[in-house]
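Listed here are the chains, written in short residue letters.
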Amino acid sequence: MTKSWYHKTSIYQIYPRSFYDSNHDGIGDLKGILSKLDYLTELGFETLWISPFFSSPQADLGYDISSYTDIAPEYGSMDDALLLIEEIHKRGMKIVFDMVMNHTSTEHEWFKESRSSRTNPKADWYLWRDKPNNWKSMTGGSGWHYAKERGQYFWSSFLPFQPDLNYRNPEVKKVMLDAVRFWLSKGVDGFRLDIFNVIYKDAEFRDNPFTFQLAPTETNPSGFFQEAKYTLNQPESFAFAKELRAVCDEFGEKLLLGEISGDRETAQKFLGTKTNDGLTLAFDFDMLTFKFTAEYFRELIQKIEAHVPDPFMPVYVFGNHDRRRSIDRLGNDLQKAKLLHMLQLTVRCVPCLYYGEEIGMTNLKQSFATALDPIPRKFKHIPPLLFDMIGLTINRDEVRTPMQWDETANAGFSSAQKAWLPVHKNYKTINVETESEDENSLLNTIRAVMKIRVEEKSLREGTLEMLTDLPNGVLGYIRKFEDEKIIILLNFDKKEKQFEFENTHCIFKLFPKDKAAKKSVYLSSFGGMILK
Ligand code: NOJ
Ligand code: CA
């Protein structure tokens, strides 16, 4: 059966504030994205996901929305947004917006009204209680905040200025689904859904049980000594995924990509029953903490193949605007990054790449005290070293620095005196222009493999079968679609490998030395090969 486009696509995430500044104020904007569409077309990713650019006081850099159907002036206008949709479509690409359905900003008119009294028409649009229960927010500490106007507390799953909407109120559900419809009617191809598994909380506000777990992990979102039993993954949220899907279906095939923290069984519940009638995709965040070994990836692929089989499609993601940049886990080694992305673009999945990952942009250490990101400010009394030791990026400014376009001032991101965040000092070597000229750069490797991915049906929608009997450190798999077949061999070892392998024809090699003869292959240190 032929797959829907959203199961065959590839996603590139744009953090608009950091992509390209068109009007010299140091802040990236929609016109900036428009002016880089040729670059994006050439890169080859078919779907662009753009982090929020709606009206917002920007206390959480756009994830605190004050109007879902207006554009924040620093990013541009409604006309710019509509033009962006049109231009992306003209190029045969898709555009996905970022929907923050769980919470608004405290500056949203709905919240202002809701807070104003216990009797106003929107009094029940958020979660209000006379007394807090024991629930902790996802960022630590009680998520209940006092509002003197009502003499009551409101609930925020994330930060205090992001109050959760009350989806048990039919009016709330209606206005939010109308916001979804508003953008779908403008031609948007779907949404990335912010903390979607938080949408419903327990109707009875029962206390969460105790657990020994201190910090939340990628597979277990409980933490701060509390199991998130009544604050996450409620059955009503699984049902809501289907309801949202039905709304999208009114407009054709639309992508719905859930940000769902937790284990794979839970994520699966959001994707619906066997026919995948819920969200169309869900991130797999477990792999954000990947280890760079063939064994790790063999196991990961096997687990994913078992948990997310056809007709579901997994999403492979190694970095985003909240987590360490992927290359940081590789000791900033560009050769290893090539192999990592070769895997990402050839395994059975929808690959999701974070802006700058294609050129190997690195984290930029910055102080907690002066951070623009609200999270590190919350933890400014804890020494950053402690977080480094457990591999947590608390200061998300570190992964949101301006895109490095060329060797000119501000890496070509902006002609303002100062960009909104500092540019990484490595921009003279790590930038799009320099890497475009180098045939073997990470950027050109990604472009080349993307080209093969787009051309080969077996890579986009074929089955995956693991190869066994390969030398230690080498990972191999076969992708098949009808009678088309592609073989991928990846050497995660520093040692070069030569081994017997009855192959056909090599269509791509990572390093010039990698070669395939009739009955054997040779892979350099961290080398890789695609055979047909
Ligand atoms: C998850 C988003 O990815 C993050 O950037 C944001 O701060 C929180 N949700 C709250 O919306
Ligand atoms: Ca700007």
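Note that this is a predicted model, so its numbers are computed, not measured.

1. Concerning the overall build of the protein
Looking only at helices and strands, the protein features 15 helices and 21 strands. In terms of overall dimensions, the protein is globule-like: its C-alpha atoms have a radius of gyration of 23 Å, near the 24 Å expected for 532 residues. Here the C-alpha coordinates of the protein stretch approximately 80 × 55 × 50 Å along the principal axes. Counting only residues that meet the buried cut, the protein has 62% of its 532 residues in that class. Averaging the locations of the 68 positively and 75 negatively charged side chains of the protein gives two centres separated by 3 Å.

2. A few points about the coordination of the calcium ion (ligand 2)
Only D21 (OD), N23 (OD1), D25 (OD), I27 (O) and D29 (OD) from the protein coordinate the calcium ion (ligand 2), and they sit 2.2 to 2.4 Å from it. Donor residues for the calcium ion (ligand 2) sit on one chain with the sequence pattern D-x1-N-x1-D-x1-I-x1-D. Overall, I27 belongs to the buried group, its relative accessible area being 14%.

3. Quick word on the environment of E253
Along the chain, the position of E253 falls in the loop between helix 7 (235-249) and strand 10 (255-258). For the pair formed by E253 and T280, sequence separation is 27 residues and the distance between their alpha carbons is 9.7 Å. Ignoring anything within four residues of it in the chain, the contact list for E253 reads S4, W5, Y6 and D189. Polar side-chain contacts of E253 include one of 3.3 Å to the side chain of S4.

4. Some details on the site of ligand 1
Taken together, the neighbourhood of ligand 1 is formed by 13 residues, with D60, D194, H321, D322 and R396 sitting nearest. The side chain of D60 places a nitrogen or oxygen atom 2.5 Å from an oxygen atom of ligand 1. In the environment of ligand 1, an oxygen atom lies 3.0 Å from a nitrogen or oxygen atom belonging to the side chain of H103. Split into classes, the residues belonging to the shell around ligand 1 amount to three nonpolar, three polar and seven charged.

5. A word on the sheet that holds strand 15 (residues 474-481)
Strand order across the open sheet formed by five strands is 14-15-16-21-18, with antiparallel pairing between neighbours. If you trace the sheet from one side to the other, it starts and ends with strand 14 (463-466) and strand 18 (506-509), each paired once. Each neighbouring strand pair of the sheet contributes to a mean axis angle of 20°, computed without reference to strand direction. Sheet topology places strand 14 next to strand 15; four bridges connect them, and they run antiparallel. The residue bridging L464 from the neighbouring strand is R479, located in strand 15. Across the sheet, helix 14 (residues 442-455) is in contact with strand 18 and strand 21 (528-531); its angle to strand 18 comes to roughly 155°.

6. Remarks on the packing of helix 7 against helix 8 (residues 264-271)
Where helix 7 meets helix 8, the closest approach of the two axes is 7 Å, and the angle between their N-to-C directions is 40°. Looking at the two axes, helix 7 sits oblique to helix 8. Residue-level inspection shows S237, F238 and A241 of helix 7 in contact with helix 8, the latter providing T266, K269 and F270. The residue inventory of the contact of helix 7 with helix 8, partitioned by class, reads three nonpolar, two polar and one charged.

7. A look at the nonpolar core
If you look at the biggest cluster of nonpolar residues, it comprises 145 residues, and the most contacted ones within it are Y12 and M101. Here the element with the most residues in this core is helix 6 (residues 170-185); it accounts for seven residues. Grouped together as the second largest cluster of nonpolar side chains are 12 residues, I478, F499, L523 and L531 included.

8. Focus: helix 6
Across its 16 residues, helix 6 extends 22 Å between first and last C-alpha, which sits within 8% of the 22 Å expected from 1.5 Å per residue. Along helix 6, the residues classified as buried are V172, K173, M176, L177, A179, V180, W183 and L184. Seen from one end, helix 6 has its buried residues packed into an arc of 145°, which puts them on one side. Looking at helix 6, the residues exposed on the side facing more than 90 degrees away from the buried face are P170, K174 and S185. The opening residue of helix 6 is N169, an N-cap whose side-chain oxygen sits 2.8 Å from the backbone nitrogen of E171. In the stretch just after helix 6, G187 is the one whose phi turns positive, near 100°.

9. What to know about the confidence of the model for the protein
Within the protein, residue pLDDT values average 96, and 100% of them lie at 70 or more. Here helix 12 (residues 384-389) is the element of the protein with the lowest mean pLDDT, 83, and strand 1 (residues 11-14) is the one with the highest, 99.

10. With respect to unusual backbone geometry
Looking along the chain, the bond that leaves D310 and enters P311 is cis, with omega of 10°. Tracing the backbone shows P311 in the loop between helix 9 (294-307) and strand 12 (315-317). Look at L61: it is not a glycine, yet its phi comes out positive at around 45°. On the secondary structure map, L61 appears in the loop between strand 3 (54-55) and strand 4 (67-71). Despite not being glycine, D469 has its phi angle at roughly 60°, a positive value. Within the secondary structure, D469 is located in the loop between strand 14 and strand 15. Accessibility expressed as a relative area gives 78% for D469, which makes it exposed.

11. Looking at the pattern of salt bridges
If charged atoms from side chains of opposite charge come close, those side chains can pair. Per the counting criterion, the structure on display carries 41 salt bridges. Residues D38 and R91 are paired through a salt bridge, measuring 2.9 Å at the closest nitrogen-oxygen approach. With D38 in helix 3 (residues 37-43) and R91 in the loop between helix 4 (78-90) and strand 5 (94-99), this residue pair connects regions lying 53 residues apart in the sequence. For D38, a relative accessible area of 53% corresponds to the exposed category. Under the relative-accessibility criterion, R91 is labelled partly exposed at 30%. For the salt bridge of E113 with K122, the shortest nitrogen-to-oxygen distance reads 3.3 Å.

Rules behind the numbers
- Within every chain, residues take consecutive numbers counted from 1 along the sequence as written.
- For this description, chains carry letters from A and ligands carry numbers from 1, given in the order in which they are written.
- Predicted model: local features are reported for residues with pLDDT of at least 70 only, side-chain atom pairs are reported and counted for 80 or more only, and whole-chain, interface and lining totals are derived from all residues.
- With hydrogens and water stripped out, all remaining heavy atoms of the structure feed into the side-chain values.
- Only DSSP runs of H or I reaching four residues or more are called helices, and only runs of E reaching two or more are called strands; each is numbered from the N terminus.
- In this setup the radius of gyration rests on C-alpha atoms only. A globule is expected at 2.2 Å times the number of residues raised to 0.38.
- For every residue, the accessible area (1.4 Å probe, protein chains only) is compared with the maximum for its type, and the residue is labelled buried under 20%, exposed over 50%, or partly exposed between those bounds.
- Charge convention: Lys and Arg are scored as positive, Asp and Glu as negative, and His as well as the terminal groups of each chain are ignored.
- Charge positions come from single atoms, namely NZ of Lys, CZ of Arg, CG of Asp or CD of Glu.
- Metal sites are built from N, O and S donor atoms within 2.8 Å, or 3.2 Å for Na, K and Ca, and they leave out water, so they may look incomplete.
- Any two residues having at least one pair of non-hydrogen atoms within 4.5 Å are treated as being in contact.
- Each polar contact in these results corresponds to two N or O atoms within 3.5 Å; when the atoms are within protein, one needs to be able to donate a hydrogen and the other to accept it, and residues that are neighboring in sequence are counted only if both atoms are side-chain atoms.
- For each residue, the test is whether any non-hydrogen atom lies within 4 Å of the molecule or strand; if one does, the residue is near.
- All amino acids are sorted into three groups, where Ala, Val, Leu, Ile, Met, Phe, Trp, Tyr, Cys and Pro are nonpolar, Asp, Glu, Lys and Arg are charged, and the leftover types, Gly among them, are polar.
- Following DSSP output, two strands are said to pair if at least two bridges run between them.
- Axes, fitted as lines to C-alpha atoms, cover a helix only where it is in contact. Angles between the N-to-C directions of the axes lie from 0 to 180 degrees.
- For classification purposes, an angle smaller than 35 degrees is called roughly parallel, one larger than 145 roughly antiparallel, one from 65 to 115 roughly perpendicular, and anything else oblique.
- We call a set of buried Ala, Val, Leu, Ile, Met, Phe, Trp, Tyr and Cys residues a nonpolar core when their side-chain atoms join them within 4.5 Å.
- The span you would expect from a helix comes to 1.5 Å times its residue count less one.
- What the arc covers is the set of directions going from the helix axis to the C-beta atoms.
- pLDDT measures the predictor's confidence residue by residue and takes values from 0 up to 100.
- The working definition used for a salt bridge is a side-chain nitrogen of Lys or Arg within 4 Å of a carboxyl oxygen of Asp or Glu.

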